[in-house]
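Per-entry structural report
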Amino acid sequence: GEDVEQSLFLSVREGDSSVINCTYTDSSSTYLYWYKQEPGAGLQLLTYIFSNMDMKQDQRLTVLLNKKDKHLSLRIADTQTGDSAIYFCAETPPDATNKLIFGTGTLLAVQP
Amino acid sequence: GAGVSQTPSNKVTEKGKYVELRCDPISGHTALYWYRQSLGQGPEFLIYFQGTGAADDSGLPNDRFFAVRPEGSVSTLKIQRTERGDSAVYLCASSPGQVDDEQYFGPGTRLTVT
């Protein structure tokens with residue numbers, strides 16, 4: 001089955017690191033994604049990781065994948081107030097349609 | 001260039017009415033997706049088009065929901081006999097059409113059924 005879960009809320013202070021966690025159940029997913037959603041704006045792809053990788057770093061973003069535990073995390077270094085948003089992890093089941101299965105979303109609040 | 005656009009941005013309708021939601025994908029994108037996002041939830045897949053045909057409509061909740069893409073560009077999501085539970089933000093995304101291509105999302109249409 002396909003089910004993606006995230007914690008609902010995370011609050012951090014500006015300049016600290018943020019870690020947003022996600023668990024998924026479909027171990028055959030080929031790609032896992034992190035999207036950002038700001039109020040009044042569309043979903044924005046932040047980064048993604050292929051399922052045969054353990055880690056991917058992209059500027060302030062680090063993605064860690066633990067396939068054994070079906071656990072995905074997004075670390076944001078030096079978190080800024082502009083990072084305040086809802087973050088969704090998502091997976092694509094291996095049926096060649098590329099449809100995205102999203103998690104419930106984590107609201108990140110950055111305190112100045 | 002222009003991104004994915006959706007109209008209207010907001011739609012309020014009475015229970016039982018029919019509504020149409022429109023999506024204009026990025027020019028040249030052959031793949032088009034519809035998702036529904038209820039309050040406090042992540043987007044939920046509804047239907048996927050490759051060109052003019054619906055390649056996967058497994059996410060449509062029931063036969064009141066229907067979508068078309070007659071010329072392989074603009075798509076319309078149609079909801080008959082709307083119910084209050086249909087209230088949500090309806091998101092459209094497009095991609096160039098290859099497997100694992102990035103999907104580009106529009107701003108969504110907020111549908112409220114009273």
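Going by the structure above, here's the rest.
Conventions and cut-offs
Each chain carries its own residue numbering, running from 1 in the direction its sequence is written. As a convention, the first chain written is A and the first ligand written is 1, with the rest following in written order. Local features in this predicted model are restricted to residues whose pLDDT is 70 or higher, and side-chain atom pairs enter the listing and the counts only when it is 80 or higher, whereas totals over whole chains, interfaces and linings include all residues. As a rule here, side-chain values come from all non-hydrogen atoms in the structure, and water together with hydrogens is ignored. Each helix is a run of DSSP H or I of at least 4 residues and each strand a run of E of at least 2, with the numbering of both proceeding from the N terminus. Burial classes follow relative accessibility: with a 1.4 Å probe on protein chains only, a residue under 20% of its type's maximum area counts as buried, one over 50% as exposed, and anything between as partly exposed. Contact between two residues is taken to exist if any of their heavy atoms lie within 4.5 Å; hydrogens are not considered. Note on areas: these come from Shrake-Rupley sampling with a 1.4 Å probe, and a residue is covered only by the protein chains present in the view. Throughout, buried area stands for the accessible area (probe radius 1.4 Å) lost by two parts on being put together, summed over both. Basic side-chain nitrogens of Lys or Arg form a salt bridge, by our definition, when they fall within 4 Å of a carboxyl oxygen of Asp or Glu. Identification of polar contacts relies on pairs of N or O atoms within 3.5 Å, with a donor-acceptor requirement for protein atoms, meaning one able to donate a hydrogen and the other able to accept it, and with residues adjacent in sequence counted only if both atoms are side-chain atoms. We call Asp, Glu, Lys and Arg charged. Ala, Val, Leu, Ile, Met, Phe, Trp, Tyr, Cys and Pro are nonpolar, and the rest, Gly among them, are polar. Two strands make a pair as long as DSSP finds a minimum of two bridges between them. For helices, the axis comes from a line fit to the C-alpha atoms of the stretch in contact; other axes are also lines fit to C-alpha atoms, and the angle between any two N-to-C directions lies between 0 and 180 degrees.

1. A closer look at the overall build of chain A
Assigned secondary structure in chain A consists of 0 helices and 11 strands. When the helices and strands of chain A are placed in sequence order, the string is β-β-β-β-β-β-β-β-β-β-β. Dimensions along the principal axes, computed over C-alpha positions, put chain A at roughly 45 × 30 × 20 Å. By the burial criterion, 46% of the 112 residues in chain A qualify as buried. Long-range pairs, those at least 24 residues apart, make up 56% of the contacts in chain A with a sequence separation of at least 6. Working note: accessible area of chain A is about 5300 Å², and carbon and sulfur atoms make up 50% of it.

2. As for the interface of chain B and chain A
It is common to give the size of an interface as the accessible area lost on bringing the parts into contact. Each partner contributes to the interface: chain B provides 21 residues, whereas chain A provides 19 residues. Contact with chain A buries surface across chain B, with Pro-43, Asp-100 and Phe-105 of chain B losing the most and accounting together for 31% of the total. The interface formed by chain B and chain A contains 1 salt bridge. Our enumeration of links across chain B and chain A arrives at 4 residue pairs in polar contact (both at pLDDT 80 or more). Elements that contribute at least two residues to the side of chain B that touches chain A include exactly β4 (31–37) and β5 (44–50) of chain B. Element by element, the count of residues in the side of chain B that touches chain A is highest for β4 of chain B, at 3 residues. For the side of chain B that touches chain A, a count of residues per class yields 9 nonpolar, 8 polar and 4 charged.

3. Details of the environment of Pro-96 of chain B
Residues and elements named next belong to chain B. In this fold, Pro-96 is placed in the loop between β9 (88–95) and β10 (104–105). Along the backbone, Pro-96 and Val-12 are 84 residues apart, and their C-alpha atoms lie at a distance of 32 Å. Sequence-distant contacts of Pro-96, that is, excluding residues within four places in its chain, are made with Gly-28, His-29, Thr-30, Asp-101 and Glu-102.

4. A short note on the pairing of strand β8 (residues 75–79) of chain B
All names here are of chain B. Counting buried positions along β8 gives 4 out of 5 residues, so the element sits mostly inside the fold. Pairing analysis gives 5 bridges linking strand β3 (residues 19–24) to β8, with the strands arranged antiparallel. Within the sheet, the bridge partner assigned to Arg-22 lies in β8 and is Thr-76. A loop of 6 residues connects strand β7 (residues 65–68) with β8, the two strands running antiparallel in sequence, and Gly-72 in this loop sits at a positive phi of about 75°.

5. Overview of the sheet that holds strand β7 (residues 61–66) of chain A
Strand pairing in a sheet relies on backbone hydrogen bonds. The paired strands run either parallel or antiparallel. Residue and element names in this part refer to chain A. The strand order across the open sheet built from 5 strands is β1-β3-β8-β7-β6, with neighbouring strands paired in antiparallel fashion. Looking along the sheet, the strands with just one partner apiece sit at the ends: β1 (4–6) and β6 (55–58). Across the sheet, the axes of successive neighbouring strands diverge by a mean angle of 15°, strand direction being ignored. By the bridge criterion, 4 bridges tie β6 to β7 in an arrangement that is antiparallel. Residue Asp-58 lies in a different strand from β7, and its bridge partner there is Leu-61.

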